[in-house]
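Listed below are the residues making up each chain.
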Amino acid sequence: MSFASLGLCAPLMTAVAEQGYDTPSPIQAKAIPAVLEGRDVMAAAQTGTGKTAGFTLPLLERLKDGERARPRQVRALVLTPTRELAAQVGESVATYGKHLPLSSAVIFGGVKANPQIDALRRGVDVLVATPGRLLDLFGQKAVSFDQLEVLILDEADRMLDMGFIHDIRKILKVLPAKRQTLMFSATFSNEIRQLAKGLVNDPVEISVTPRNAAATTVTQWVCPVDKQRKPALLSHLIQEREWHQVLVFTRTKHGANKLTRYLEGAGIEAAAIHGNKSQNARTKALSGFKSGEIRVLVATDIAARGLDIDQLPQVVNYELPNVAEDYVHRIGRTGRAGASGQAVSLVSSDESKELAGIERLIKQSLTRTPIAGFEPGQAGSAAEAPAGEERPRQRRNDDARRGTRKPAGQPRGNADKPAGDRPRRRRGGRGRGRSANQGE
Ligand code: AMP
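What counts, and at which threshold
Residues numbered from 1 in each chain as written. Predicted model: local features only at pLDDT ≥ 70, side-chain atom pairs only at ≥ 80, totals over all residues. Heavy atoms only, no water. Helix = DSSP H or I, 4+ residues; strand = E, 2+ residues; numbered from the N terminus. Expected span 1.5 Å × (residues − 1). Buried < 20%, exposed > 50% of the residue type's maximum accessible area, 1.4 Å probe, protein only. Axes fitted to C-alpha atoms, helices over the stretch in contact; angles between N-to-C directions. Parallel < 35°, antiparallel > 145°, perpendicular 65-115°, else oblique. Left-handed = near helix turned anticlockwise from the far one by under 90°. Contact = heavy atoms within 4.5 Å. Nonpolar A, V, L, I, M, F, W, Y, C, P; charged D, E, K, R; others polar. Near = heavy atom within 4 Å. Polar contact = N/O pair within 3.5 Å; in protein donor to acceptor, adjacent residues only side chain to side chain. Areas by Shrake-Rupley, 256 points an atom, 1.4 Å probe, with all protein chains shown as cover. Pairing = 2+ DSSP bridges. 1 Å grid on protein atoms, 1.4 Å probe; cavity = no way out; pocket = protein on both sides within 12 Å on 5 of 7 lines; lining within 4 Å. Points joined across faces, edges and corners; volume = space filled by probe spheres on them. Domains from an automatic or database assignment.

Another point: helix α4 (residues 83-96). Taking 1.5 Å per residue, 14 residues should reach 20 Å; α4 reaches 20 Å between its end C-alpha atoms and fits that length. Within α4, eleven of the 14 residues are buried, leaving the element largely enclosed by the surrounding structure. Buried within α4 are the following residues: R83, E84, L85, A86, A87, Q88, V89, G90, S92, V93 and Y96.

Set out below in structure tokens:
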């Protein structure tokens with residue numbers, strides 16, 4: 001199977017070749033022909049499967065011959081749950097559409113609305129948006145949908161998790177009924193199927209990498225430890241095992257901040273990424289992490305969702321997620337594109353229920369490997385912080401002078417004021433984000 005056999009035009013083939021792809025991924029092989037035929041699609045596919053190109057390539061193919069978007073009109077709308085995902089999808093649209101005369105734009109909250117309004121004024125062939133900001137701008141009459149041909153919901157399950165259902169329903173009401181609709185979701189829960197009713201029409205159903213098969217190249221193990229010793233154990237593992245590019249998941253934003261400060265205190269470059277960080281701070285943390293300046297990125301589930309970080313070697317579940325399925329999402333961050341990865345969960349005795357739930361879901365029992373000196377029930381034996389205190393006692397020399405500095409990723413100025421992850425948050429421009437218009 002080649003891209004050429006899928007019926008994509010030369011400018012798209014060139015863009016694909018420039019990306020270095022020679023073979024369509026399974027989701028692409030299935031989704032591209034269905035979308036080109038004009039069918040509605042419901043696809044179960046996670047990040048890392050190539051789903052973005054799976055919908056973007058045939059979308060651009062379909063749009064290339066039609067009438068360009070008129071002022072304030074949109075021909076295709078891609079809805080995403082997070083700003084990061086919106087930015088990434090927007091980048092893909094710009095990349096694959098590079099040799100086509102189609103325009104695209106990305107809009108999301110937490111950054112100034114004016115450049116976004118300007119981009120919409122001219123009309124946009126492909127608009128990638130988060131629901132809250134889209135509704136704001138629709139309310140301001142900056143955009144309308146009379147010319148809409150295609151609607152794509154990306155990571156629909158996460159949109160529901162994040163409470164966007166009302167926003168989505170409001171958006172659906174103002175879209176033309178006659179349109180092509182594509183829905184991508186990691187799972188097809190009952191809730192998703194409910195949402196799909198009345199949204200997609202006689203859809204082609206596609207499923208790739210069943211949820212529990214995502215981890216084939218990932219070594220997963222559990223490290224039993226007392227809760228209060230998790231920070232010290234994590235810092236020990238990172239240093240002793242020389243882990244680089246470690247993505248660490250915490251349950252809460254506060255927990256992410258606290259752990260980041262701890263790691264920094266232990267001489268490990270770390271940054272937190274979560275919903276209380278401005279877009280600017282998140283973008284900075286992510287690029288520092290990708291470039292290797294930041295060794296550890298501490299993230300909450302919502303913030304980490306959709307991050308496109310290829311071949312991540314190391315994922316740590318500092319705390320197990322409440323929802324077992326989030327475990328699969330988390331470890332899906334590693335071992336992508338055929339690379340191997342390692343996912344370790346630091347599990348304390350109060351998390352045994354969550355661990356059992358995860359093992360049930362993945363139909364696999366995870367190996368328990370305690371680390372010498374950190375075995376449960378041994379608190380206080382090693383030279384690290386006492387129970388309940390999460391500051392390491394000793395700093396490395398080269399870090400001592402940083403002791404008074406604010407931790408990375410913490411507010412330093414106006415650009416770092418919290419912006420939030422949730423829909424319908426406060427309005428107004430804060431921080432500097434990406435330029436809204438990417439494709440012109
Ligand atoms: P996605 O699931 O859309 O987030 O894509 C995951 C990663 O796979 C991205 O970094 C893409 O650049 C890459 N990718 C997408 N399609 C292909 C392909 N056909 N061959 C190789 N890599 C691909």
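The rest of the description comes next.
Turning next to the environment of D202. Note that D202 resides in the loop between α9 (190-196) and β7 (204-207). Residues D202 and R39 lie 163 residues apart in sequence; the distance between their C-alpha atoms is 7.9 Å.

This part takes up the packing of helix α2 (residues 26-36) against helix α3 (residues 51-63). At their nearest, the axes of α2 and α3 sit 8 Å apart, and the two run at 25° to each other. With respect to their mutual orientation, α2 and α3 come out roughly parallel. Once α2 is placed against α3, the crossing between them reads as right-handed. Here α2 contributes I27, Q28, A31, I32, V35 and L36 to the contact with α3, which in turn contributes K51, A53, G54, L57, P58, L59, E61 and R62. Taken together, the residues that form the contact of α2 with α3 break down as nine nonpolar, two polar and three charged.

So, about the site of the ligand. In the vicinity of the ligand there are 15 residues, among which Y21, Q28, G48, G50 and T52 approach most closely. Q28 is positioned such that a nitrogen or oxygen atom in its side chain is 2.7 Å from a nitrogen atom of the ligand. Within the backbone of T49, a nitrogen or oxygen atom sits 3.0 Å from an oxygen atom of the ligand. When the ligand sits alone it has 500 Å² of accessible area, and the protein chains cover 76% of it. Each residue belonging to the shell around the ligand can be placed in one class, and the counts come to three nonpolar, eight polar and four charged.

Read from one edge to the other, the open sheet built from seven strands follows the order β3-β4-β2-β5-β6-β1-β7, with strand pairing classed as parallel. Every other strand in the sheet has two partners, leaving β3 (104-107) and β7 as the edge strands with one partner each. Within the sheet, the average angular offset between the axes of one strand and its neighbour, ignoring direction, is 15°. In the sheet, strand β5 (residues 150-153) pairs with strand β6 (residues 180-185) via four bridges, with the strands oriented parallel. Paired with I152 across the two strands is L182, which belongs to β6. Helix-sheet contacts for α4 involve β2 (74-79), β3 and β4 (124-129), and the interaxial angle to β4 is about 155°.

In this structure, the second largest pocket occupies an estimated 450 Å³ of space. In this structure, the second largest pocket is lined by 23 residues; those nearest its centre are R158, D161, I302, V323 and D326. For the lining of the second largest pocket, a count of residues per class yields five nonpolar, seven polar and eleven charged. Three or more residues apiece are contributed to the lining of the second largest pocket by two domains, here domain 1 (3-207) and domain 2 (218-384).

With that out of the way, let us pick up helix α15 (residues 352-362). Each α-helix winds once per 3.6 residues, and so residues spaced three or four apart point in a common direction. Within the span of α15, buried status applies to E354, L355, G357, I358, E359 and I362. Buried residues belonging to α15 abut β8 (218-224), α14 (324-331), β13 (341-347) and β14 (367-368). Residue K363 follows α15 closely and has a positive phi angle near 55°.

Here the focus is the packing of α3 against α4. Two quantities define a packed helix pair, namely the angle between the helix axes and the distance between the axes. Taken N-terminus to C-terminus, the directions of α3 and α4 make an angle of 45°; their axes are 10 Å apart at the nearest point. What the angle tells us is that α3 and α4 run oblique. Of the two possible hands of crossing, α3 and α4 adopt the one that is right-handed. Side by side, α3 and α4 meet where T52, A53, F55, T56, L57 and L60 of the first sit next to V89, S92, V93 and Y96 of the second.

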